[in-house]
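# Summary of the model geometry
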Amino acid sequence: STGALVSTLPDPLSVVFLVCSGSEANELALRLARIHTRRRDVIVVDGGYHGNTNCLVNISPYKFKGKGGFECPNWVHIVDAPDGFRGKYKYSESDIGLKYAHQVKELIDRSEDKIGCFIAESILGCAGQIVLPQGYLHHAYRYVRNNGGVCVADEVQVGFGRVGTNFWAFETQGVVPDIVTMGKPIGNGYPIGCVATTASIAESFANGMEYFNTFGGTDLSCAVGLKVLQVIKEDKLQENALDLGDYILKKLNQIKQKYSQIVGDVRGLGLFVGVELVKNLETLEPAAEEADFIVQRMKELGVLLSTDGPFHNVLKLKPPLCWTKEDADMFVTVSYTHLTLPTIY
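First, a word on what this report is: a plain description of the structure on this page.

About the criteria used
- Residues numbered from 1 in each chain as written.
- Predicted model: local features only at pLDDT ≥ 70, side-chain atom pairs only at ≥ 80, totals over all residues.
- Heavy atoms only, no water.
- Helix = DSSP H or I, 4+ residues; strand = E, 2+ residues; numbered from the N terminus.
- Rg over C-alpha atoms; globule rule 2.2 N^0.38 Å.
- Contact = heavy atoms within 4.5 Å.
- Areas by Shrake-Rupley, 256 points an atom, 1.4 Å probe, with all protein chains shown as cover.
- Lys, Arg positive; Asp, Glu negative; His and termini not counted.
- Charge placed at Lys NZ, Arg CZ, Asp CG, Glu CD.
- Axes fitted to C-alpha atoms, helices over the stretch in contact; angles between N-to-C directions.
- Parallel < 35°, antiparallel > 145°, perpendicular 65-115°, else oblique.
- Left-handed = near helix turned anticlockwise from the far one by under 90°.
- Nonpolar A, V, L, I, M, F, W, Y, C, P; charged D, E, K, R; others polar.
- Core = buried A, V, L, I, M, F, W, Y, C linked by side-chain atoms within 4.5 Å.
- Buried < 20%, exposed > 50% of the residue type's maximum accessible area, 1.4 Å probe, protein only.
- Salt bridge = Lys/Arg side-chain N within 4 Å of Asp/Glu carboxyl O.
- Pairing = 2+ DSSP bridges.
- Phe/Tyr/Trp six-rings, centres within 6.5 Å; stacked < 30°, edge-to-face > 60°.
- Lys NZ or Arg CZ within 6 Å of the ring centre and 35° of its normal.

## Comments concerning the overall build of the protein chain
Each helix and strand counted, the protein chain has 11 helices and 14 strands in total. Taken against the 2.2 N^0.38 rule, which gives 20 Å for 345 residues, the C-alpha radius of gyration of the protein chain at 20 Å falls within 12% of a compact globule. Counting only C-alpha atoms and orienting by the principal axes, one finds that the protein chain spans roughly 65 × 45 × 40 Å. Within the protein chain, contacts between residues at least 6 apart in sequence are counted, and of these 70% link residues at least 24 apart. On the protein chain, roughly 15,400 Å² of surface is accessible, and the fraction owed to carbon and sulfur atoms is 52%. Within the protein chain, the 39 negative side-chain charges are centred at a point lying 2 Å from the centre of the 33 positive side-chain charges.

Structure below.
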């Protein structure tokens, strides 16, 4: 039953472990990486979120640097989010993917061969819907692999055609990870997750310590997962994500051009979109209160949004892939009304 899923992945990703959630998938990914490399340390991207277990909170700066958090564990190493709007290197500069990825190399050079893996979302979600600059994963993966580490792509939020141009978001970077993790989208909300990896990593994992999951890979879970893959293909949901995503981004950019005093940046791929609100386009002072106001008002009108990013000033849009143009027009109309309200300035 996993053959249909493997057929969507590039070689050499040929071995699949079925689990029950994205958190379980990322937990297993860490085990695979550590056993294969015999190293514990992990490189993560600032603002990253990978799950709700103790171990995954430890590698999720979005959690441990926030309220109720704690110091970064000594085996976790953070690189800057490659944010072309607010980060050190801007959209207008050349080769910013390489420039941000160079931080990965610098960490590795200081690590004394401790780094076992690099894990990153293929588009940063909780960090603020940040689309990775071209070349970022290519160079980051190269640095990690040259030092004997493995690369994990967290596709829990962005896989299964959501980005439109490709089935997997990592493909937009022109890379093939060593391990790919997936979560609830594989079951359209049903509790199923998955880890895909290479035969060589799976062989390292077969060391006598069996992996057992009571509910992962049950007949029902597999039936749900197969049906989701079938619907994505037959209903052309990836193509729909591309068309509607382009349409929404075009409309939101028109709003940005007219109301740049509040709309600082519009970004996204397919139906994974972020709108960053600022009080001042020069200082980039976050407009968190304004973002919260818009979320609450739009909820009253039947549009569910939330905010994210380190300053909670990014409106994030992740609608169902079966959205229609009518749904998109309703969203754009309500967004236009509330992004232009004088009361939020």
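Here the narrative resumes, following the displayed structure.
## With respect to the packing of helix α5 (residues 96-110) against helix α6 (residues 136-146)
One way to put it is that α5 packs onto α6 with a least axis distance of 8 Å and a crossing angle of 15°. By the angle class used here, α5 and α6 are roughly parallel. The two elements α5 and α6 meet at a crossing, and its hand is right-handed. Here α5 contributes Gly97, Leu98, Tyr100, Ala101, His102, Val104, Lys105 and Ile108 to the contact with α6, which in turn contributes Tyr136, His139, Ala140, Tyr143 and Val144. Of the residues belonging to the contact of α5 with α6, the class tally is 9 nonpolar, 3 polar and 1 charged.

## A short note on the nonpolar core
If you look at the biggest cluster of nonpolar residues, it comprises 79 residues, and the most contacted ones within it are Val104, Phe118, Tyr136 and Phe331. The element best represented in this core is helix α9 (residues 237-258), accounting for 8 residues. Apart from residues no more than four positions distant in its own chain, phenylalanine 331 is found in contact with Ile248, Leu252, Met298, Val303, Leu305, Leu317 and Trp323. By size, the runner-up hydrophobic cluster in this structure holds 23 residues, among which are Phe17, Leu28, Ala33 and Val42.

## Things to note about the pattern of salt bridges
Across all of its chains, the model carries 12 salt bridges by this definition. The salt bridge involving aspartate 46 is made with lysine 65; its shortest N-O contact spans 3.0 Å. Taken together, the residues aspartate 46 in the loop between β2 (41-45) and α3 (54-58) and lysine 65 in the loop between α4 (61-64) and β3 (76-79) connect sequence positions 19 residues apart. The exposure class of aspartate 46 is partly exposed, given its relative accessible area of 24%. One salt bridge connects arginine 267 with aspartate 265, and the closest N-O pair in it is separated by 2.8 Å. Judged by relative accessible area, aspartate 265 falls into the buried class, the value being 4%. One continuous salt-bridge network, built from bridges that share partners, spans Arg86, Asp265, Arg267 and Glu276.

## Section: the pairing of strand β14 (residues 314-317)
Burial along β14 is two-sided: the face carrying Val314 and Lys316 and the face carrying Leu315 and Leu317 are both buried. Sheet analysis places strand β11 (residues 272-280) next to β14, joined by 4 bridges and oriented antiparallel. Within the sheet, the bridge partner assigned to valine 273 lies in β14 and is leucine 317. Pairing of strand β13 (residues 306-308) with β14, which is carried by 3 bridges, proceeds in the antiparallel orientation. Opposite threonine 307, over in β14, you have leucine 315 as the bridge partner. Two successive antiparallel strands, β13 and β14, enclose a turn made up of 5 residues, where glycine 309 displays a positive phi of approximately 95°.

## A look at the packing of aromatic side chains
In the structure shown here, the tally under the stated rule is 12 aromatic pairs. Each ring, one from phenylalanine 167 and one from tryptophan 168, has its centre 5.1 Å from the other, and the planes form 80°; the classification is edge-to-face. The pair formed by phenylalanine 167 and tryptophan 168 is uniform in burial state, with each residue classed as buried. Aromatic pair phenylalanine 205 and tyrosine 211: ring centres 6.5 Å apart, planes at 50°, arrangement tilted. Given the relative accessible area of 27%, tyrosine 211 is considered partly exposed. Above the plane of the ring of tryptophan 75 lies arginine 34, whose end atom (NZ or CZ) is 4.7 Å from the centre.

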